[in-house]
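Chain by chain, the residues run as shown.
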Amino acid sequence: MPDQALTGPPLRVLVADDNPVVRAGLTALLDGHPDIEVVAAAPDGDEALKAATRLTPDVVLLDVRMPGTDGLTALPELARLAPVMMLTYSREPEVVAEALRRGASGYLVHGEFTATELITAVRDVRHGRATVPDSLGVSHEPNKLTSHLQPSMAQSSKARPAYATGLRRRAPNRSDFGLSSREVEVMDLIAAGMNNRQIAATCFISEKTVKNHINRIFAKLHSSSRSEAIAHWLGTTHEGWSR
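Fair warning: this is a prediction, and the values are worked out from it, not measured in the lab.

### So, the overall build of the chain
Reasoning step 1: Helix and strand counts for the chain stand at 13 helices and 5 strands.
Reasoning step 2: The proportion of buried residues among the 243 residues of the chain is 49%.
Reasoning step 3: In the chain, the proportion of contacts linking residues at least 24 apart, taken out of those at least 6 apart, comes to 66%.
Reasoning step 4: Element-wise, carbon and sulfur atoms account for 52% of the exposed surface of the chain, whose accessible area totals about 11700 Å².

### Details of the packing of helix 11 (residues 196-203) against helix 12 (residues 207-220)
Reasoning step 1: Close contact between helix 11 and helix 12 brings their axes to 9 Å; oriented N to C, the two are set at 105°. When the interaxial angle is binned, helix 11 and helix 12 end up roughly perpendicular. Mapping the contact onto sequence places Asn196, Arg197, Ile199 and Ala200 in helix 11 and Glu207, Val210, Lys211 and Ile214 in helix 12.
Reasoning step 2: Its residues placed into classes, the contact of helix 11 with helix 12 shows 4 nonpolar, 1 polar and 3 charged.

### Examining unusual backbone geometry
Reasoning step 1: Residues other than glycine seldom take positive phi values, yet Thr56 does so here, at roughly 45°.
Reasoning step 2: Within the secondary structure, Thr56 is located in the loop between helix 2 (45-55) and strand 3 (59-62).
Reasoning step 3: Given the relative accessible area of 52%, Thr56 is considered exposed.
Reasoning step 4: In this model, His222 sits at a positive phi of 55°, which is unusual for a non-glycine residue.
Reasoning step 5: Mapped onto the secondary structure, His222 falls in the loop between helix 12 and helix 13 (226-234).

### Notes on the confidence of the model for the chain
Reasoning step 1: When pLDDT is averaged along the chain, the result is 78, and 77% of the positions lie at 70 or above.
Reasoning step 2: A low-confidence stretch, residues 142-172 (pLDDT under 50), is modelled with 57 contacts involving residues beyond four sequence positions or located in other chains.
Reasoning step 3: Low pLDDT, under 50, characterises residues 236-243; the stretch is placed with 25 contacts to residues that sit more than four places away or in other chains.

### Brief notes about the pattern of salt bridges
Working definition: two side chains of opposite charge can pair if their charged atoms are close together.
Reasoning step 1: Counted by the stated rule, this structure contains 11 salt bridges.
Reasoning step 2: A salt bridge links Arg197 to Glu207, with the nearest nitrogen and oxygen atoms 3.7 Å apart. With a gap of 10 residues between them, Arg197 in helix 11 and Glu207 in helix 12 connect regions that are remote in the sequence.
Reasoning step 3: Judged by its relative accessible area of 61%, Arg197 is exposed.
Reasoning step 4: Under the relative-accessibility criterion, Glu207 is labelled partly exposed at 34%.
Reasoning step 5: Among the ionic contacts, a cluster of salt bridges with common partners joins Asp46, Glu47 and Lys50.

### Considering the environment of Ser227
Reasoning step 1: Considering the arrangement of structural elements, one finds Ser227 in helix 13.
Reasoning step 2: With sequence-adjacent residues up to four places away left out, Ser227 is seen in contact with Glu92 and Glu94.

Conventions adopted
- Each chain carries its own residue numbering, running from 1 in the written order of its sequence.
- Residues qualify for local features only when their pLDDT is at least 70, as the model is predicted, and side-chain atom pairs are given and counted only at 80 or more; totals for whole chains, interfaces and linings, by contrast, use all residues.
- Hydrogen atoms and water are omitted, and side-chain values are computed over all heavy atoms in the structure.
- For helices the rule is a DSSP run of H or I covering at least 4 residues; for strands it is a run of E covering at least 2, with both sets numbered from the N terminus onward.
- Summary of the burial criterion: residues with accessible area below 20% of their type's maximum are buried, those above 50% are exposed, and those between are partly exposed, where the area comes from a 1.4 Å probe applied to protein chains only.
- Contacts are assigned to residue pairs that have any heavy atoms within 4.5 Å of one another.
- Note that accessible areas follow from Shrake-Rupley with a 1.4 Å probe, and for residues the cover is restricted to the protein chains shown.
- Every axis corresponds to a line fitted to the C-alpha atoms, with the helix fit spanning only the stretch in contact, and the corresponding angles, defined between N-to-C directions, vary from 0 to 180 degrees.
- With respect to orientation, any angle under 35 degrees is reported as roughly parallel, any angle over 145 as roughly antiparallel, any angle of 65 to 115 as roughly perpendicular, and every other angle as oblique.
- Residue classes follow a fixed rule: Ala, Val, Leu, Ile, Met, Phe, Trp, Tyr, Cys and Pro count as nonpolar, while Asp, Glu, Lys and Arg count as charged, and any other residue, Gly among them, counts as polar.
- Each residue carries a pLDDT score, the predictor's confidence in it, ranging from 0 to 100.
- Counted as salt bridges are all cases of a side-chain nitrogen of Lys or Arg within 4 Å of a carboxyl oxygen of Asp or Glu.

Dropping the structure here:
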């Protein structure tokens, strides 16, 4: 069904994603609607912050994993400038929960929505209506958020302010985990929701090598699963991990 006639100025959107194909695709899709205008497309969180400060968009579409300043790190400041909807491949519950705690107004996973649903979500977020699919298993309401998480994560959310330090705090403390630079890279990709094949392609290594890295990461993070490792990595378990 075609869009209805404009009743006011177009909804101004900022797209932030490190993949130029995704940026171009989203821009073409959104600009194809008369009530929506993409005012800027940024390749990382830092550029997104600069553009949002300069252009004051109505909605920001933000990826989780980007080089330099990633989406979760940029999110609290962006959320103070405009409603932010995460648009990403990352669907791990810990990542979704962290994004919502940091101020995201919505969360959609690539491949799990139609073009029409995306357009509707952008308009809804602009008007204060949250978009968090039930399939992600995390409630958007702050008082219900922890009910979908592991007990340790629920305790953590009570112990920390709404904008948890998460990734900002993690960088200077990476040595505490004892991960090598390659293991840090792999762990970031795990936290971004990538599977072993995607990590292998991104790092130009074999899947067997990825598995070896993950085994060492799990040992160093005292974790037995990807979800547990992500929770430790993002700081969403109570006091992280113990030696």
